[in-house]
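Residue-level structure breakdown
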Amino acid sequence: MDYNYREVEQKWRTFWEENKTFKTEINPSKPKYYVLDMFPYPSGAGLHVGHPLGYIASDIIARYKRLKGFNVLHPMGFDSFGLPAEQYAIQTGQHPAITTEENITTYIRQLKQIGFSYDWDKEVRTSDAKYYKWTQWIFMQLFNHYYDKDANKALKISDLIVRFAESGNKSVNAVCDEDTVNFTAEDWNGMSEYEQQSMLLKYRLTYPDESVVNWCPGLGTVLANDEVKDGVSERGGFPVEQKKMKQWAMRITAYADRLIDGLNEVDWSDSMKDQQRNWIGRSTGASVRFSLYDVRDSMFDVSDSMFEVRNSENKQTSNNEQRTTKIEQQKSNNEKPTSIEVFTTRVDTIYGVSFMVIAPEHEYVPFLTTSEQKEAVEEYVQWVASRSELDRMSEVKKVSGVFTGSYVINPFNNEKVPIYLADYVLAGYGTGAVMGVPSGDQRDWNFATHFNLPIVPILDAQKDIDTQADNTKEGKYINSGIINGMNYKEATATLTKFLEENGIGKGKIQYRLRNAVFSRQRYWGEPVPAYFKDGLPYLMDESELPLTLPVIDKYLPTETGEPPLGRAEGWKYKGEYEYELSTMPGWAGSSWYWYRYMDAHNEAEFASQESINYWKAVDLYIGGSEHATGHLLYSRFWNKFLKDLGLVPEEEFAKKLINQGMIQGRSNFVYRVKESEGQGKKPVFVSFGLKDKYEVTPLHVDVNIVSNEVLDIQAFKNWRSEYVDAELILEDGKYICGVEVEKMSKRWYNVVNPDTLVDKVGADTLRLYEMFLGPLEQAKPWNTNGIDGSFRFIKKVWRLFYDDQDNFKVKDEVPTPAELKVLHTAIKKVEEDLERYSFNTVVSTLMICVNDLGSLKCSKKAILQDLVILMSPYTPHIAEELWTILGNEAGTISYANFPKFNPVYLVEANFEYPISINGKVRANLSFPTDTLPAEIEAAVRENEIVMKWLEGKEIKKVIVVPKRIVNVVM
RNA sequence: GCCAGGGUGGUGGAACUGGUAGACACGCAGGACUUAAAAUCCUGUGAGCCGUAACGCUCGUACGGGUUCGAUUCCCGUCCCCGGUACCA
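Report follows, based on the coordinates. In this text, all values refer to a predicted model and were calculated from it rather than measured experimentally. (Residues numbered from 1 in each chain as written. Chains lettered and ligands numbered in written order. Predicted model: local features only at pLDDT ≥ 70, side-chain atom pairs only at ≥ 80, totals over all residues. Heavy atoms only, no water.)

A closer look at the protein's contact with RNA strand B
Around RNA strand B lies a shell of 66 residues, among which Asp 79, Asp 226, Asn 785, Arg 792 and Asn 967 are the nearest. A share of 66% of the atoms of RNA strand B within 4 Å of the protein falls on sugar and phosphate groups. Between RNA strand B and Asn 278, the relevant distance is 2.6 Å, taken from a sugar or linking oxygen to a side-chain nitrogen or oxygen of the residue. Between Arg 514 and RNA strand B, the recorded distance is 3.0 Å, taken from a backbone N or O atom to a base nitrogen. If you list the elements that add at least two residues to the surface near RNA strand B, you get β6 (221-223), α10 (270-280), α15 (389-394), α24 (787-801), α26 (839-855), β33 (920-928), β34 (957-961) and β35 (965-969). Residues belonging to the surface near RNA strand B are distributed by class as follows: 23 nonpolar, 22 polar and 21 charged. (Near = heavy atom within 4 Å. Polar contact = N/O pair within 3.5 Å; in protein donor to acceptor, adjacent residues only side chain to side chain. Helix = DSSP H or I, 4+ residues; strand = E, 2+ residues; numbered from the N terminus. Nonpolar A, V, L, I, M, F, W, Y, C, P; charged D, E, K, R; others polar.)

Structural data, given as C-alpha cells:
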C-alpha cells in the first residue's frame, strides 16, 4: 500500500493545532529567532500558489532554527484593509468587513492546510479596531512630533511650542515646509491660536498638504494610478484629470539621511539597497533664485476657469479672513512673484543657461503668461493635465513645451532667459522649475534644438555639442564670467560662495524622495483620529481611541465629491466638529505590524516593552521585491520614528531580507471595442483572432472562467454587473482570450489556488515542489509539470520504511561506512544550503540521499532517523509520522536536534583529476588526495594521452589546482 | 524614459570563491512486471559528426567583443523578458 498522505497530513495538522505545538513564549534561556513573512492582503480569490512560495521558505527556516535550538517567533496575520474589498462592496453593497472576514477564514484554512508552523495565537488583522487603534495611536504620535536636525531625531511638538514662545524659530534647526518664514518670540506670542496652529503644521511629522490626484469626474472619485489606463479609467473608460487636493502627508523626508545610512547595517541584497538609495535620491547641489524680468501685467484672471480647480484650495484659504496673516501674504495669490528658484546639481553650468522650464501646474503660471501666449499656454496646460506622471517621464524622445512670454534674469551674467512650460518638469519634485543648459544636458539640448534656443559651450573639453549634449566636468570654463579658466571644483566653490554672499542662493542637498501622501478617498481604511476646527486639524484624545469606521449607506463618494465617510450620518467629534473624511492608505497598518505579533492582545500598549526587548527585530524577513520602495521604506521610517520615541530598541527592523521572486501568472484577456466604451453604452468584446479588425482595449478577465483560452461566456456575463448584456463577437462559435505571462495578482484575475494541489498530491509535495522550482529570488511562471517528481520522492521515502507488502522493514543494525557517507553528505549539504537560503538545492540533496539509500537497500534506524529530521522542515507531515513510527514521542520532531555532521565519514583516499590540455579535458587520472602538486605534474607530463595530444610540441606550463583540475598549457 | 533583476537542453533548474557545463527532476523513447492499464523498476536522452565497437571529434550557457592557462561565472557593448516608478498591496 502506498503512503496515505491525506490521512497522515490531516492527522498531524489536527495534532499541531490541538497541542499548540508552535505556541511561542518569551524564553530568555534560549537564543531568539524571528522569522517574518510579509503578510497577505486577503483577497476574494483566496490564497494563490504565489503566496506560499515565500511562506514555505520562511517556514523551512523557522523549523530549521527550532532544530538548531532557537526560540522561534513565526507569526502570520492579514493586511486586511484595501481597495478590492471596497470595490466588491461598491458592486454588491456588502460591507467590506464581512467580505474581509470571509476571505480571512478562507486564507487561514488554506494556510493551515499547508502545514505552516505559525503560532496562530499571535495572528493580527490590520482592519481589526483592536489593531488599528494602535495604528491611529502612532499617527497621533507623528502629529505630535517634529524632526529636530540638531538632536537628529523626532522631538515633541509641545517642546517646540515652548521654544517658539521663548525665542521664536530662528534658533530651531528643524525639518519644516520650504516656505516657513522666520519669526521671533514676540511674533509667536502675538499670533492667534489659528496662526500658531498653522505654523505648527509646517513642522509636524504628519500634516495636511496639497497633492495631485487622479480625479475621475465620471466616477466621482479619485483613482489609483493603476486604475487608470491611457488617460481613462479602467472601469468604464471615463476621462481622468490631474487635480490638486488636500491630503494628509507624512514627512518621511525628515528621515532621508537615516534611511540611507541605515542600509549599511542590514543584510539586504545590494540591488534592494540600491533601489532604496536611488529612490531617496540624495543629490548635492545649489539653489539659485532667478529674478523675473519686467513683469508688465498679470494677464490671467485668477478665477479663470482653467485654474479654478487648482486654486480652489487657495481660494478657500483667502476667503478665510483669519488665515491671511502677515506671513501668509507673501504666498497669497494676489501678489506677483518676483523670482523663481531652481535647484541644480551643476551650478557650474550656470553661464550656459539659455532658457528656464517650469512645471505646467506651477503656481506662477498665471502670472508668467502674457496675453499673446495665453491661448497656447492654456491649451498646453489642459493637455498635460490629462497625462499621468509616468507618461510624462517616459516620453523623453518627444519634446513638448510652450513659451510663457516671460523672462528671468540670469543673476551671473544678467542675460534675459525665456521661461517655458514643459511636461518633463514635475511640480512635485524640487522647486518645480529647472534651468536649461543645452550644452551639458541631453534633455535640455533636445528642448533647445526643438525651440531654436542658443546652445552655449561652457567648457573647453565639451565635444560635438552641435550634435548632442556633453555633460563632462573636465577642462576649463569658457563663456563663463567669474569662473572662466577654472576647473570644476574651483568653479563650484566660487559660484556657491557668490550665491550665498549675494543672497541669491545657497549650497543645498535635495532629495528625490517626496513626503508620502497619507490619505485615500476611500472607506475601507483606518479613520484618521483628527477633526477640524476653523479649518485646522486637531487630534482627539488618546483615551478616545479607537475611532472606528462609521456605518454608511453606500461605499461611494458623496454627491459633492467628498469621500465615502462624508455619508456617515452625524459622524462628528463631540457631535460638533467634522472628522477627517479620508482614511489612511494601505501602507499604514503594515508599517509596524511585526511589533504587534510580539504581544498581539495587549490592550494597554502596541506591544509590551518586555516582548519588544526580547524579540527586538526581525532576523529574517521574506517577501516580494515589489515592496522595495513602498512598504519597506515606509516601515523603516515608522520604525525609526518609534525608536526616536524610545519605544523600540532597533534602528532597523529587518536585519536580513530575502525577496522571493514572483510566481508569475498566465493572464487572460478580453478585448473591448473602443467605440463601446463610456457610460450607458453596451459593452462589445471581440475574440482574440478578430481583434485586429477593431480598435480595442485589452482587459483582464478571470482565468478561472477561461479554459484553454476559451471563455465561459455565461460565467463572464455573471462576472460583472456591467457585462450582463455585453455583446461578444465570436470566432468559430467561441470567444478566444489572449494570454500573457505577468505577475500573479488578484487585480489581474490570474490567481491559481493551491487547494486543488494539496488535495491531489498533499501539502508535503506542494511544499517540496514549490521549493524545487528554482531559486527563491527568481521569478518564474507557474506550471505543475514537474510536480510528479516531488510526489514520487515522498513515496520513495515511505518505501525505505515499508516494503511492497506493507511490512515495516526498519532494522536496528549498525550502519555501513557507505551508508554513513550518503547520510553525512546530505547533512553537510542541507545545512550549508539552508544557511545560504538555497532552498531548491536542498530538495535535490534529499532526493539524491533517498535514491542512494534505496540503491544501498538501507533501512537502518540510525540512518533513517537522521534523514527524517533533515526532511522535516520541508515535509513536516510525513516526517512527524515517520518520527513517531521510529519510536519517538509523538509530535516532537519539531524540537528534535539537527543531526551533527561528522567529516570523518566523507574522507576520500583518492581524487580523480580531470586533465585538461589548453583548457579542454582530455583525460582523467586518479591520485591519492595527499599527493603533492609537483608529483602530479610529473605524472601528467609522462601520461600517454597527454603525450598524444602534444603531438611533439613543448609543454609550456602545467597548472595543478589541488583537488580541482590539472591544466597543461602548450 | 529612469531604477533594479534576469536570459544555460524539449521543460524547471545545477555548477557555492574563475577550474570536468547540464547535478536533481519533468517530459520523451525503449525495456521489465501485467490479460491489459495504472503504479513501480531498469536503460537512454544538449546539438552535430566519425566509427563495427570501446571510444573519439566539433559546436554549445541570449548576441558581439575583451581579460585569463582556463569564463555560465569577471569587464565593455547590443537585444529581449520581468518588477518598481510614489493611490494595487
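Details of the sheet that holds strand β32 (residues 910-917)
Sheet architecture is open: four strands sit in the order β33-β32-β35-β34, paired in mixed fashion. Each end of this open sheet is capped by a strand with a single partner; those strands are β33 and β34. Taking the axes of each pair of neighbouring strands and ignoring which way they run, one obtains an average angle of 20° across the sheet. Note: β34 against β35, five bridges, orientation antiparallel. Paired with Val 960 across the bridge in β35 is Val 966. Packing of helix α29 (residues 933-941) onto the sheet brings it into contact with β32, β33, β34 and β35, and relative to β34 it is tilted by some 130°. (Pairing = 2+ DSSP bridges. Axes fitted to C-alpha atoms, helices over the stretch in contact; angles between N-to-C directions. Contact = heavy atoms within 4.5 Å.)

As for the sheet that holds strand β21 (residues 577-579)
The strands that make up a sheet pair up through hydrogen bonds in the backbone, lying either parallel or antiparallel. Strand order in this open sheet of four strands is β19-β18-β21-β20, and the pairing throughout is antiparallel. Among the strands making up the open sheet, the edge pair consists of β19 (536-539) and β20 (572-573).

A short note on the nonpolar core
Among the nonpolar cores identified, the biggest contains 181 residues, and Phe 606, Tyr 621, Phe 801, Phe 839 and Tyr 874 are the most heavily contacted of them. If sequence neighbours within four positions are ignored, Tyr 621 has contacts with Leu 36, Asp 37, Met 38, Tyr 593, His 631, Leu 632, Phe 653, Ala 654, Lys 656, Leu 657 and Ile 658. The next biggest cluster of nonpolar side chains, apart from the first, holds 46 residues, and it includes Leu 292, Val 408, Ala 448 and Leu 459. (Core = buried A, V, L, I, M, F, W, Y, C linked by side-chain atoms within 4.5 Å. Buried < 20%, exposed > 50% of the residue type's maximum accessible area, 1.4 Å probe, protein only.)

Quick word on the packing of helix α23 (residues 763-772) against α24
With their axes 9 Å apart at the nearest point, α23 and α24 run at an angle of 130° to one another. In this view, α23 runs oblique relative to α24, as classed from their interaxial angle. Classified by chirality, the crossing of α24 by α23 is right-handed. Taken together, the residues of α24 that come into contact with α23 (itself represented by Asp 764, Thr 765, Leu 768, Tyr 769 and Phe 772) are Ile 787, Ser 790, Phe 791, Phe 793 and Ile 794. Among the residues making up the contact of α23 with α24, the classes are represented as seven nonpolar, two polar and one charged. (Parallel < 35°, antiparallel > 145°, perpendicular 65-115°, else oblique. Left-handed = near helix turned anticlockwise from the far one by under 90°.)

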